[in-house]
Amino acid sequence: MVEKLLEVKDLKTYFYIREGTLRAVDGLSYSVKKGEFVALVGESACGKSVSALSIMRLIPYPPGIIVGGEIIFEGRDLLKLSEEEMRSIRGNRIAMVFQEPMTSLNPVLTVGRQIAESLELHRGMAKEEARVEAGKLLKLVGIPDAERRLEDYPYQFSGGMQQRIMIAMALSCNPVLLIADEPTTSVDVTVQAQLMELLNNLRSQFHMSVILITHNLGLVARYADRVNVMYAGRLVESGLTDTIYSHPHHPYTVGLITSVPRLDLPRQRPLYVIPGLPPDLTRLSPNICAFAPRCRFAISKCTEQRPELEQIGDEHWVACFRHKEIPELTAMECEQ
């Protein structure tokens, strides 16, 4: 049995703002095994990025605060560590690639200096040794003429190259867990494929686990071992990628998959859109199914009680009162 590297248990991260309490992450639980590629998917503002920042303990306070739960990493609860202990893990054992490289890279420092700084801090390298290692890392992630480009500034690189630099910085200390927060958002499809191939190859080379946060279900289908589907700060379905794509049991998962354009369907067939809008998390009742107002299969129980995650198969969990009927109901709709 593969050992679990990370376990997120009933994580709750709230933001206390003028409009009220925004429950960005509200009871999230999932795990990541050693060497596993896990995808976290869902609409914008469902809590994906906040959950990743919670793992890194980078939630800005005020207004945000982690109010409950556990984040067990390599046998230790990260929420109980001191800030000094957390700094030794952040960037060293757990690294993160942020979704906007231009805002994450320092515009007044050369890329070589920014990579070397992490090597000096976490690996105790001297300046010249760190500079040489920085060049090797840039070459590793596919930056042409890496040695010379150490002296360039972030604005002198394209969006795809900037993201490669972010990956190089994340890998500088050989982390065992890499969190990639929508790393392909600002690049075209060709560069997306290159970046994902790079991430997947580096995962194998460095024997690390990856958490990929993304909207792109095509990338998830190709690279992820497991899929976690989030909605309104909670997990609504989790399972192996093949299982989720072939036998989804939550209406929201079905909606996400159905909304992806398909080349094998008639061109005149309209694209499917999930009706309605995501809920206002400052006004959402914790005692109902958050997806009920948008769900075409909702029943009265959905507006009176919140469904909990239930295991329905081998490594397959879903939070829906009608999960047994969903495959049959969606199949009937497709036939109509």
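Here is a short report on the structure shown in this document. Quantities reported herein were computed from a predicted structural model and do not represent experimental measurements.

**Here we look at the side chain of Thr253**
Part 1 of the argument: Along the chain, Thr253 falls in helix α11 (residues 251–258).
Part 2 of the argument: Separated by 2.8 Å, the side chains of Thr253 and Glu237 make a polar contact.
Part 3 of the argument: Setting aside residues no more than four positions away along its own chain, Thr253 makes contact with Val229, Glu237, Ile244 and Pro248.

**Here we look at the packing of aromatic side chains**
Part 1 of the argument: Scanning all chains against the criterion turns up three aromatic pairs.
Part 2 of the argument: On the numbers, 5.2 Å between centres and 85° between planes, the contact of Tyr231 with Phe291 is edge-to-face. Of this pair, Tyr231 sits in strand β9 (residues 226–231) while Phe291 sits in the loop between α11 and β11 (310–313); the two residues are 60 residues apart in sequence, bridging distant segments of the chain. Accessibility assignment for this pair places Tyr231 and Phe291 in one class, buried.
Part 3 of the argument: One cation-aromatic arrangement involves Arg23 over Tyr14; the distance from NZ or CZ to the ring centre is 5.4 Å.
Part 4 of the argument: Arg149 extends its terminal NZ or CZ atom over the ring of Phe157, reaching a point 4.0 Å from the ring centre.

**Structural notes on the state of the cysteines**
Part 1 of the argument: This model, assessed by the stated rule, comprises zero disulfides.
Part 2 of the argument: Among the cysteines around Cys295, which has no disulfide bond, Cys320 carries the closest sulfur, lying 6.3 Å off.
Part 3 of the argument: A residue is classified by how much of its surface remains accessible, and Cys295, at 17% relative accessible area, is buried.

**Looking at the sheet that holds strand β2 (residues 20–33)**
Part 1 of the argument: With antiparallel pairing, the four strands of this open sheet are ordered in space as β2-β1-β4-β5. Pairing within the sheet leaves two strands with one partner each, and these edge strands are β2 and β5 (76–77).
Part 2 of the argument: Running at roughly 110° to strand β1 (residues 4–17), helix α1 (residues 48–56) makes contact with β1, β2 and β4 (64–73) of the sheet.

**A look at the packing of helix α7 (residues 159–171) against helix α8 (residues 189–206)**
The relative placement of two packed helices is expressed as an angle between their axes plus a distance between the axes.
Part 1 of the argument: One way to put it is that α7 packs onto α8 with a least axis distance of 11 Å and a crossing angle of 15°. With respect to each other, α7 and α8 are oriented roughly parallel. The two elements α7 and α8 cross, and the hand of that crossing is right-handed. Across from Gly160, Gln163, Arg164, Ile167 and Leu171 in α7, the residues of α8 making contact are Val191, Gln194, Leu195, Leu198, Leu199, Leu202 and Phe206.

**With respect to empty space enclosed by the protein**
Part 1 of the argument: Summed over all chains, the structure comprises three cavities of 30 Å³ or more.
Part 2 of the argument: The computed volume of the largest cavity comes to approximately 190 Å³.
Part 3 of the argument: In this structure, the largest cavity is lined by 19 residues; those nearest its centre are Tyr231, Arg234, Ile288, Ala290 and Arg306.
Part 4 of the argument: At the level of secondary structure, the elements contributing two or more residues to the lining of the largest cavity comprise β2 and β10 (234–240).

**Observations concerning the pattern of salt bridges**
Part 1 of the argument: Going through the model one piece at a time under the given rule, you end up with 19 salt bridges.
Part 2 of the argument: Glu151 serves as the salt-bridge partner of Arg131, at 3.0 Å between the closest nitrogen and oxygen. Remark: Glu151 occurs in the loop between α6 (146–149) and α7 and Arg131 occurs in helix α5 (residues 127–140); sequence separation between them is 20 residues.
Part 3 of the argument: Accessibility expressed as a relative area gives 28% for Arg131, which makes it partly exposed.
Part 4 of the argument: Asp152 is paired through a salt bridge with Arg149; the nearest N and O atoms lie 2.8 Å apart.
Part 5 of the argument: The exposure class assigned to Asp152 is buried, which follows from its relative accessible area of 11%.
Part 6 of the argument: The exposure class of Arg149 is buried, given its relative accessible area of 17%.
Part 7 of the argument: When salt bridges that share partners are traced, they join Lys33, Glu36, Arg226 and Glu315 into one network.

Reading guide: rules and limits
- Residues numbered from 1 in each chain as written.
- Predicted model: local features only at pLDDT ≥ 70, side-chain atom pairs only at ≥ 80, totals over all residues.
- Heavy atoms only, no water.
- Helix = DSSP H or I, 4+ residues; strand = E, 2+ residues; numbered from the N terminus.
- Polar contact = N/O pair within 3.5 Å; in protein donor to acceptor, adjacent residues only side chain to side chain.
- Contact = heavy atoms within 4.5 Å.
- Phe/Tyr/Trp six-rings, centres within 6.5 Å; stacked < 30°, edge-to-face > 60°.
- Buried < 20%, exposed > 50% of the residue type's maximum accessible area, 1.4 Å probe, protein only.
- Lys NZ or Arg CZ within 6 Å of the ring centre and 35° of its normal.
- Disulfide = S-S within 2.5 Å.
- Pairing = 2+ DSSP bridges.
- Axes fitted to C-alpha atoms, helices over the stretch in contact; angles between N-to-C directions.
- Parallel < 35°, antiparallel > 145°, perpendicular 65-115°, else oblique.
- Left-handed = near helix turned anticlockwise from the far one by under 90°.
- 1 Å grid on protein atoms, 1.4 Å probe; cavity = no way out; pocket = protein on both sides within 12 Å on 5 of 7 lines; lining within 4 Å.
- Points joined across faces, edges and corners; volume = space filled by probe spheres on them.
- Salt bridge = Lys/Arg side-chain N within 4 Å of Asp/Glu carboxyl O.

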